Amino acid sequence: MGKASPKNLILGLLGLCTVVSIGGAVSSSLAWYAYATRANLMYSGTSVFDNGQLQIGVKSSVEIPELKTEEAGMTEELHNGSYYYFAPAGEGLTSDLMNIYLNARGYASNELTPVTSGEFNRNDADTYGVGGAVELKQAPTVDVHAPDYQHNAAPITSYSQITFAFRAFKTNGVGTQINVEGQEIWLSYAQTRASDSSSGNVSKAMRMFVNRDASIYGNNNGFIFNPSSKNAGFTKVAGLLNIGFGQYYDFDENGEVVYGEYEILDGVDSGIINSHYSGADELVDINGSGSLTPDTFTAKHSPEAPAYYENLDKLDLKKAQYEGVDTVKPHKDGNGILSNEDPAHPTSVCITGGESVGYIGEFDATIYLEGWDFSVIDEEQKHKFDFQLRFETNRV
């Protein structure tokens, strides 16, 4: 196999608060597995959405003096050993403030590296622990592939992590702002799309892991959110890849290489991989990507490989389950009142606390590129996209 060459891509995140907009442009190659893949980010203006009764902020384990200067315009509060920085009620956050926040905490502020969540099932608390916390992993390479690569944690410089903090409030008869306890906040709208007609599908690779307070939401407090999908679904996190320079699926001295996380199904001990390929020299969509042209996930079987996979049905390819836009947004009745579709499985992202926690509700948002998404291919270079999120709460 040839070694993958360094790849580059550029992204941008344009705003994070009760209304979040993310946009950017991709350059060079998007082959996620390349060891030098990068994504540049930019954060810019935000605004508080809807009824003006939400206040947005961020949480940090370290003090960030730059966020409480007169120029920054944020207020610092200390609650239970953590620092909170809030924008004025009804106002948002700027790109400079977000970059200061992320840099101070060591996360990516202007670069992302495509990674993978690996297998994830939000309902399997026994396997994944309370909330099924995602531990992002580095991409496989031609030198380090399954099963070794899956244990290599992605450095925090390869993705962005933001702890959003919210307050809900009402104003009494004399104009005093009163914070409200027990107010649920939902992710009510999300959209990821190409910025223009000439752009492609790279936005479909965006994921956000939502990690909520386990003391409130129990074992199912964590879930992966895919803003490009209306419904819940999954991403396969294993398969054949072409990450060398050739036109064939990668192989080594044993035959074609299955990258990612997988197991051999019980009772299957033969017929998994066949001898040398002798069929037609043609593309084989063995991963089911739907592509009709050569790319990362669609290639040919090489007659030089010692063995090849006719199909992957005899392998248990692991999956990363995700929620979609329609499965996380709240129910809205005829009077515009928001509620959870299933009270036993709430989809709100947080609930504002009481006086002991400053009436704050919060959740962690980890934003990353899922490299196993079929849109992460070389042909997506130089494409632009937008990513928007909107949070809402009931009027109080």
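Here, residues in each chain are numbered from 1, in the same order as that chain's written sequence. Note on the predicted model: pLDDT of at least 70 is required for a residue's local features to be given, and 80 or more for side-chain atom pairs to be given and counted; whole-chain, interface and lining totals, by contrast, use all residues. Remark: hydrogens and water are excluded; side-chain values derive from all non-hydrogen atoms of the structure.

Scanning the protein chain for helices and strands turns up four helices and 26 strands. Residue burial in the protein chain is summarised as follows: out of 396 residues, 51% are buried. The protein chains shown are the only cover counted for residues, whose accessible areas, like all others here, come from Shrake-Rupley with a 1.4 Å probe. In the structure as shown, the protein chain presents an accessible area of about 17200 Å², 45% of it carried by carbon and sulfur atoms. Helix and strand definitions here come from DSSP, where helices need a minimum of 4 consecutive H or I residues and strands a minimum of 2 consecutive E residues; each element is numbered from the N-terminal end. Only protein chains enter the accessibility calculation, which uses a 1.4 Å probe; a residue is then buried when its area is under 20% of its type maximum, exposed when over 50%, and partly exposed in between.

With that settled, the discussion passes to the pattern of salt bridges. Here the idea is simple: oppositely charged side chains can pair when their charged atoms come close. Every case where a carboxyl oxygen of Asp or Glu lies within 4 Å of a side-chain nitrogen of Lys or Arg is listed as a salt bridge. Under the criterion given, the structure shown has ten salt bridges. Across the pair Arg-207 and Asp-373 runs a salt bridge whose closest N-O atoms are separated by 2.9 Å. Within this pair, whereas Arg-207 is found in strand β10 (residues 206-211), its partner Asp-373 is found in the loop between β25 (361-369) and β26 (384-393), the two being separated by 166 residues in sequence. Arg-207 gets classed as buried once you look at its relative accessible area, which sits at 2%.

As a further point, take the confidence of the model for the protein chain. Confidence in the prediction of the protein chain, expressed as mean pLDDT, is 77, and 73% of residues score 70 or more. Within the protein chain, strand β1 (residues 9-10) has the poorest average pLDDT of any element, 26, and strand β12 (residues 233-236) the best, 96. The pLDDT score gives, residue by residue, the confidence of the prediction method on a 0 to 100 scale. Should any heavy atoms of two residues lie within 4.5 Å, those residues are considered in contact. A low-confidence stretch, residues 1-50 stays under pLDDT 50, and its non-local contacts, those more than four residues away or across chains, total 211 contacts. Segment residues 125-131 is flagged for pLDDT under 50; beyond a separation of four residues in sequence, or across chains, it makes 17 contacts in the model.

Attention now goes to the environment of Asn-242. With respect to the element layout, Asn-242 can be found in the loop between β13 (238-240) and β14 (251-252). Asn-242 gets classed as buried once you look at its relative accessible area, which sits at 12%.

Mapping Ser-117 onto the fold places it in the loop between α1 (95-105) and α2 (125-128). If we ignore the near neighbours within four places in the chain, the residues touching Ser-117 are Val-134, Glu-135, Leu-136, Lys-137, Ile-224, Ala-320, Tyr-368 and Glu-370.

Where empty space is left becomes clear once a probe the size of a water molecule has been rolled over the atoms. With a 1 Å grid spanning the protein atoms alone, the term cavity applies to any set of points in which a 1.4 Å probe fits but cannot get out, the term pocket to an open set with protein on both sides within 12 Å along at least five of seven lines, and the term lining residue to any residue with an atom within 4 Å of a point. Grid points are joined across faces, edges and corners, and a volume is the space filled by probe spheres set on the points. The tally for this structure, following the rule as stated, stands at one cavity of 30 Å³ or more. Approximately 30 Å³ is the volume found for the largest cavity. In terms of lining residues, the largest cavity is bounded by Ser-117, Arg-207, Ile-224, Thr-235, Ala-320, Gln-321, Tyr-322, Tyr-368 and Glu-370. A per-element tally of the lining of the largest cavity places strand β21 (residues 319-322) first, with three residues. Residues are sorted three ways: Asp, Glu, Lys and Arg are charged, Ala, Val, Leu, Ile, Met, Phe, Trp, Tyr, Cys and Pro are nonpolar, and all the rest, Gly among them, are polar. The residue inventory of the lining of the largest cavity, partitioned by class, reads four nonpolar, three polar and two charged.

The next subject is the side chain of Thr-393. With respect to the element layout, Thr-393 can be found in strand β26. Polar contact is defined as a pair of N or O atoms within 3.5 Å, subject to the rule that within protein one atom must be able to donate a hydrogen and the other to accept it, and that residues adjacent in sequence are counted only when both atoms are side-chain atoms. Looking at Thr-393, its side chain comes within polar contact range of the side chain of Gln-183, at 3.2 Å. Here the side chain of Thr-393 touches Glu-184 through a polar contact of 2.8 Å, landing on its backbone oxygen.

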